[in-house]
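Single-letter residue listing:
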Amino acid sequence: MQTSLIVAIVLVVIAFTLISRGLRIVPQQHAWVVERLGRYSRTLEPGLNLLIPIVDKVAYKFDLRETPMDVQKQVCITKDNTQISIDGVLYLQITDPKAAAYGTSDPMSSVEQLAQTIMRSDVGKKQLDEVLSSRTELNVSIVSELDNAAVNWGVKVLRYEIRDINPPAEVIRAMELQITAERQKRALIAKSEGEKQQAVNVSEGERQQQINRAEGAKRAKILQAEGDAQAVTTVAEATARALATVGAGLQQSGAQDAMKMQVAQDFIAQWGGIAKESNVMIVPSDMGDLSKVVGTAFRIVDGIKPKPAT
């Protein structure tokens, strides 16, 4: 009886041990590859799974989440024979656990080695300046080539980011000198452009000033000419009106005697003025007879009177 109890207990322990070894709980976003008698059997999904003890074995465990992986620093040679040191970060995800288990012995290491190889190849096709200015292009190129090659390894390459590009110290010094020279060149060009624009502006200002002055002088001359013409016209019209008035007055009774008296007074006044201003005078022979002088003036006036229309 006691022996039977011991056997029963042993059998229970063995059964419990076998059952516990056959139960597997897979975490979320993980996948376990099961082999049965050394051959691939199935891939366990997240949750509770039952295996056949001794016959089934979990051979590989994979994390299906996106995984960042450092790509170790390596030396690359550019197209212009410059050695530069480049490292980066690779982001990948296992999408096919079976391919990752049997496509390569180490999918992560394989992807890293391939990323370094592609980086060296792409850098070798570019000049140093192109490498420094085309990080995005290099990242896209590496992701594209890696993704095509990693399909057989069950790995999806999501993105690649170049972290550091370190040229040699002498190249950095040469680049700094080049940048300084370029800045000085741009400064000189900007200064010359400014001086050129200033000279153009000054010449344009002087030209416009001369045009304005010429236009002003022209306008002034036109206005002066118009004013002179207007003045001559006004004087002529005033003289004509005065003469008309004088002529009309001479037609009245006694006007002739008054006119003779006025002419005599003007004659005497004019000769008096000439005598004051000049030391030498030519005096007419009949200067003493004012009646003759006045008579001569009236005969001249009578000679220029308009003849009556016939």
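All values derive from a computational prediction rather than experimental measurement. (Residues numbered from 1 in each chain as written. Predicted model: local features only at pLDDT ≥ 70, side-chain atom pairs only at ≥ 80, totals over all residues. Heavy atoms only, no water.)

K.L.:
Would you take a moment to explain the sheet that holds strand β8 (residues 155-166) for this structure?
P.N.:
Within a beta sheet, neighbouring strands are joined by backbone hydrogen bonds and run either parallel or antiparallel to one another. Taking strand neighbours across the sheet as the criterion, the 3 strands line up as β6-β7-β8 in an open arrangement whose pairing is antiparallel. Each end of this open sheet is capped by a strand with a single partner; those strands are β6 (67-77) and β8. Each strand axis lies, on average, 25° off the axis of its neighbour in the sheet, ignoring direction. The sheet contact formed by strand β7 (residues 83-94) and β8 spans 10 bridges and is antiparallel. Paired with Ile86 across the two strands is Ile165, which belongs to β8. The strands touched by helix α3 (residues 107-123) within the sheet are β6, β7 and β8, with β6 carrying the most contacts at an inclination of about 35°. (Pairing = 2+ DSSP bridges. Helix = DSSP H or I, 4+ residues; strand = E, 2+ residues; numbered from the N terminus. Axes fitted to C-alpha atoms, helices over the stretch in contact; angles between N-to-C directions. Contact = heavy atoms within 4.5 Å.)

K.L.:
I would appreciate a short explanation of the pattern of salt bridges in the present structure.
P.N.:
Oppositely charged side chains may form a pair once their charged atoms are brought near each other. In the structure shown here, the tally under the stated rule is 9 salt bridges. With a shortest N-O distance of 3.9 Å, Asp56 and Arg42 are connected by a salt bridge. With a gap of 14 residues between them, Asp56 in strand β5 (residues 56-63) and Arg42 in strand β3 (residues 39-44) connect regions that are remote in the sequence. Here Asp56 falls in the buried class, since its relative accessible area comes to 8%. Residue classification places Arg42 among the partly exposed residues on the basis of a relative accessible area of 26%. One salt bridge in this structure joins Lys156 and Asp147, with 3.0 Å as the shortest N-O distance. Of the residues examined, Lys156 reaches a relative accessible area of 35% and is grouped as partly exposed. Residue class for Asp147 comes out buried when judged on its relative accessible area of 18%. A single network of salt bridges, built from pairs that share partners, joins Arg36, Arg42 and Asp56. (Salt bridge = Lys/Arg side-chain N within 4 Å of Asp/Glu carboxyl O. Buried < 20%, exposed > 50% of the residue type's maximum accessible area, 1.4 Å probe, protein only.)

K.L.:
How should the packing of α3 against helix α5 (residues 135-149) be read in this particular structure?
P.N.:
Packed helices, taken two at a time, are described by the angle their axes make and the gap between the axes. Where α3 meets α5, the axes come as close as 10 Å, and the angle between the chain directions of the two elements is 135°. In this view, α3 runs oblique relative to α5, as classed from their interaxial angle. The two elements α3 and α5 meet at a crossing, and its hand is right-handed. Judged by residue contacts, Val111, Leu114, Ala115, Ile118, Met119 and Asp122 of α3 engage Leu138, Ser141, Ile142, Glu145, Leu146 and Ala149 from α5. Across the contact of α3 with α5, the residue classes tally to 9 nonpolar, 1 polar and 2 charged. (Parallel < 35°, antiparallel > 145°, perpendicular 65-115°, else oblique. Left-handed = near helix turned anticlockwise from the far one by under 90°. Nonpolar A, V, L, I, M, F, W, Y, C, P; charged D, E, K, R; others polar.)

K.L.:
Whenever I open this one, the packing of aromatic side chains confuses me. Can you help?
P.N.:
Applying the stated criterion across every chain, the model contains 3 aromatic pairs. For the pair Tyr60 and Phe62, a centre-to-centre distance of 6.2 Å together with 15° between the ring planes defines the contact as stacked. Overall, Phe62 belongs to the buried group, its relative accessible area being 10%. Residue classification places Tyr60 among the partly exposed positions, given a relative accessible area of 32%. One aromatic cluster is present, built from ring pairs that chain together Tyr40, Tyr60, Phe62 and Tyr102. When the ring centre of Trp32 is taken as reference, the NZ or CZ atom of Lys61 above it lies at 4.2 Å. The ring of Tyr91 is capped by Arg159, whose NZ or CZ atom sits 4.3 Å from the centre of that ring. (Phe/Tyr/Trp six-rings, centres within 6.5 Å; stacked < 30°, edge-to-face > 60°. Lys NZ or Arg CZ within 6 Å of the ring centre and 35° of its normal.)

K.L.:
In this structure, what is going on with the nonpolar core? I would like to understand it.
P.N.:
Burial of nonpolar side chains together is a common tendency in soluble globular proteins. Ile84, Ile86, Leu90, Val111, Met119, Leu146 and Tyr160 are the most contacted members of the largest nonpolar core, which has 33 residues in total. Breaking this core down by element, the ones donating at least two residues are β2 (30-36), β6, β7, α2 (97-102), α3, α4 (128-133), α5 and β8. Apart from residues lying up to four places away in sequence, Leu90 is in contact with Thr67, Pro68, Met69, Val71, Val111, Ala115, Leu146, Val157, Arg159 and Tyr160. Ranked by size, the runner-up nonpolar core spans 5 residues in total, among them Trp32, Val34, Leu44 and Leu51. (Core = buried A, V, L, I, M, F, W, Y, C linked by side-chain atoms within 4.5 Å.)

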